Amino acid sequence: MTEVATELSDRALWEQARAGHEAAFGVLFERHAGRIYNHCFRRTGDWALAEDLTSTTFLLAWRSRGRAPLEAESALPLLYGIATNVLRNQRRSLRRRREAFARLPVERTEEPDFAEEGPTRLDDQAAMRVLLQLFARLPRREQDVIALCDWSGLSYDDAASALDIPIGTVRSRLARGRSRLRELATATGPEGDVDVVPLRIEVNKQ
Amino acid sequence: MTIRLTPPPERDFPAGRLQQRKEQLVSQISGASIATAPGRPRRILVVAAAVALAGVLTAAAYAGYALTRPVTPVKTIGCYETDSLDANTAVLAAGTRSPVAACARKFASAFPDAQPPAQFAACVLPSGSVGVFPSTSADTCDGLGLAAAGGQN
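Structural notes, computed from the coordinates. Numbers given for residues are sequential positions, taken from 1 along each chain in its written order. Chain labels run from A onward and ligand labels from 1 onward, assigned in the order the entries are written. For a predicted model such as this one, the threshold for reporting local features is a pLDDT of at least 70, and the threshold for listing and counting side-chain atom pairs is 80 or more; totals across whole chains, interfaces and linings nevertheless cover every residue. Processing note: side-chain calculations cover all non-hydrogen atoms of the structure and skip hydrogens and water entirely.

**Considerations on the overall build of chain A**
Phase 1: Summing up its helical and strand segments, chain A has eight helices and zero strands in all.
Phase 2: Residues classed as buried in chain A amount to 50% of the 206 residues present.
Phase 3: In what follows, a contact means two residues having at least one pair of non-hydrogen atoms within 4.5 Å. Partitioning the contacts of chain A with sequence separation of at least 6, the portion at a separation of at least 24 is 65%.
Phase 4: Areas reported as accessible are Shrake-Rupley estimates using a 1.4 Å probe. Residue values count occlusion only from the protein chains shown. Counting only carbon and sulfur atoms, one obtains 48% of the accessible surface of chain A, whose full area is about 10,400 Å². Under the DSSP-based scheme used, a helix requires at least four consecutive residues in state H or I and a strand at least two consecutive residues in state E, with every element numbered from the N terminus. We call a residue buried when its accessible area falls under 20% of the maximum for its residue type, exposed when it is over 50%, and partly exposed in between, using a 1.4 Å probe and counting protein chains only.

Below is the structure:
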């Protein structure tokens, strides 16, 4: 495989990928897989599934690379946009893609996966699933903007780009979604037990 | 029960798994660019070649049949004014006389404005019956895409 300078910008790597340079796309994967992985986890509450969805997102990004040059400096809005569509279609397409990946002749590593931090990850899954039960009661379009802006830390501009909607729509959906989510949370548990903390979380910028 | 509206903190993609996933991805996209790019045109070529071959075989079979098929016994023969399938035609009852002799005999009365030809050729028409044409060479039937009606002269 050809060496690729890992300090290249996303846009430069994307251009190389558009020219058919697989290694450049590999660098983009290493750079952004973590963010997409966490985003997919927050939408599914399942770390293993999030891994599969991350792979699918990048595979689809590779296939779509020929359509247009990268307009933003970062590939993340584009990747979040693809991930959002993948999440939407996951039920019907995931099994097919998982089988395709399983057929690939790649050696399994001896790494014990989540062994060291297994309990923490299981706690994450349990907590996320409780939140998702509530979250699932929001309209899908409001789920998308909350997941991108509040949970993944995207700017309104980047979220608008990822979802291909006007920035004003991002703001209005976000406001409605936040308000509705708090109402749902309040209505669900005994008053006072609901921990209505700010929705936005600290994102681990890689 | 406490419901937190904040998701759990971000976790790292486990390093070994990340590397493995990257290898899988690069392997798949490399395979895709090698296998699918020429694959589609190759399939199209194979299909086109098969269709062309079938067409050639059908045409050859039809040509072979048209140029060699025997005369179907019929009760009439066609006498043509010129050596063309679109020419005026006189239909005669097939009798004991040879088709060429029958046409030669009737030609002047059937086509009074035409100069009676010196020679005729008997050919097998697409219907299987005999057509008799004015002839100036030995390959009149062949020139019309018809088989010569052997023994009908």
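Structure shown, so let's carry the discussion forward.
**Some remarks on the packing of aromatic side chains**
Residue and element names in this part refer to chain A.
Phase 1: Pairs were defined over the aromatic rings of Phe, Tyr and Trp, the Trp ring being its six-membered one, requiring ring centres within 6.5 Å. Orientation was assigned from the angle between planes: stacked under 30 degrees, edge-to-face over 60, tilted for the rest. Enumeration according to the criterion identifies 11 aromatic pairs over all chains in this entry.
Phase 2: A centroid spacing of 6.5 Å and a plane angle of 50 degrees characterise the contact between Trp14 and Phe25, whose relative ring orientation is tilted. One end of the pair, Trp14, is in helix H1 (residues 10-18); the other, Phe25, is in helix H2 (residues 22-44), and 11 residues separate them in sequence.
Phase 3: Trp14 gets classed as buried once you look at its relative accessible area, which sits at 3%.
Phase 4: Each residue in the set Trp14, Phe25, Phe29, Phe58 and Trp62 is aromatic and connected to the rest through ring pairs, giving one cluster.
Phase 5: Both a distance and an angle decide whether a charge sits over a ring: NZ of Lys or CZ of Arg must be within 6 Å of the ring centre and within 35 degrees of the ring normal. Sitting above the plane of the Trp62 ring, Arg65 keeps its charged end 3.5 Å from the centroid.

**Some remarks on the side chain of His32(A)**
All names here are of chain A.
Phase 1: As for its position among the elements, His32 is in helix H2.
Phase 2: His32 sits in the buried class, given a relative accessible area of 7%.
Phase 3: Excluding residues within four positions of it along the chain, His32 makes contact with Asp10, Phe58, Ser74, Ala75, Leu76 and Leu79.

**Some thoughts on the state of the cysteines**
All names here are of chain B.
Phase 1: When the sulfur atoms of two cysteines come within 2.5 Å, that pair is taken as a disulfide. Counted according to the given criterion, the structure contains two disulfides over all chains.
Phase 2: A disulfide bridge connects Cys79 with Cys103, and the sulfur atoms are separated by 1.7 Å. Residues Cys79 and Cys103 are joined through a disulfide that is left-handed, its torsion about the S-S bond being -95 degrees. Placement of Cys79 in strand E1 (residues 76-80) and of Cys103 in helix H2 (residues 99-110) is noted, with a sequence separation of 24 residues between them.
Phase 3: Residue Cys79 is classed as buried on the basis of its relative accessible area of 3%.
Phase 4: Overall, Cys103 belongs to the buried group, its relative accessible area being 0%.
Phase 5: A sulfur-sulfur distance of 2.0 Å marks the disulfide that ties Cys123 to Cys141. When the S-S torsion is -85 degrees, as for the bridge of Cys123 with Cys141, the disulfide is left-handed. Note that Cys123 is positioned in strand E3 (residues 120-124) and Cys141 in helix H3 (residues 140-143), a separation of 18 residues in sequence. The residues Cys123 and Cys141 share a single accessibility class, namely buried.
Phase 6: Sequence-ordered numbering of the bonded cysteines in chain B gives a disulfide pattern of 1-2, 3-4.

**Observations regarding the nonpolar core**
Phase 1: By nonpolar core is meant a set of buried Ala, Val, Leu, Ile, Met, Phe, Trp, Tyr and Cys residues that side-chain atoms within 4.5 Å join together. If you look at the biggest cluster of nonpolar residues, it comprises 58 residues, and the most contacted ones within it are Phe25(A), Ile36(A), Phe58(A), Phe135(A) and Trp151(A).
Phase 2: No other element matches the 10 residues that H2(A) contributes to this core.
Phase 3: Discounting chain neighbours no more than four positions away, the residues touching Phe25(A) are Trp14(A), Ala17(A), Phe58(A), Ala61(A), Trp62(A), Leu25(B) and Ile29(B).

**A word on the packing of H1(A) against H2(A)**
Residue and element names in this part refer to chain A.
Phase 1: Packing of H1 against H2 leaves a shortest axis separation of 8 Å and a crossing angle of 140 degrees. It follows that H1 is oblique to H2 by the angle criterion. When the axes of H1 and H2 are compared, the crossing they make is left-handed. Of H2, the residues touching H1 (which contributes Asp10, Leu13, Trp14, Gln16 and Ala17) are Ala24, Phe25, Val27, Leu28, Arg31 and His32.
Phase 2: Each residue receives one of three labels: charged for Asp, Glu, Lys and Arg, nonpolar for Ala, Val, Leu, Ile, Met, Phe, Trp, Tyr, Cys and Pro, and polar for the others, Gly being one of them. Counted by class, the contact of H1 with H2 contains seven nonpolar, two polar and two charged residues. Lines fitted to the C-alpha atoms define the axes, with helices restricted to the stretch that makes contact. Angles between their N-to-C directions range from 0 to 180 degrees. For classification, angles of less than 35 degrees are called roughly parallel, those exceeding 145 degrees roughly antiparallel, those between 65 and 115 degrees roughly perpendicular, and all remaining angles oblique. The crossing is said to be left-handed when, going from far helix to near helix, the turn is anticlockwise and less than a right angle, and right-handed when the turn is clockwise.

**Some details on unusual backbone geometry**
Phase 1: You will see that Asp164(A), though not glycine, has its phi angle at about 55 degrees, which is positive.
Phase 2: Here Asp164(A) is to be found in the loop between helix H7 (156-163) and helix H8 (167-188).

**As for the environment of Arg129(A)**
Residue and element names in this part refer to chain A.
Phase 1: For Arg129, the location among the structural elements is in helix H5 (residues 118-135).
Phase 2: Taking the C-alpha atoms as reference points, Arg129 and Phe41, separated by 88 residues in sequence, lie 10.0 Å from one another.
Phase 3: In contact with Arg129, not counting residues within four places along its chain, are Gly45 and Asp46.
Phase 4: Only 2.8 Å separates the side chain of Arg129 from the backbone oxygen of Gly45, close enough to count as a polar contact. Side-chain atoms alone can form a polar contact between residues adjacent in sequence; in general such a contact is a pair of N or O atoms within 3.5 Å, and within protein one must be able to donate a hydrogen while the other accepts it.

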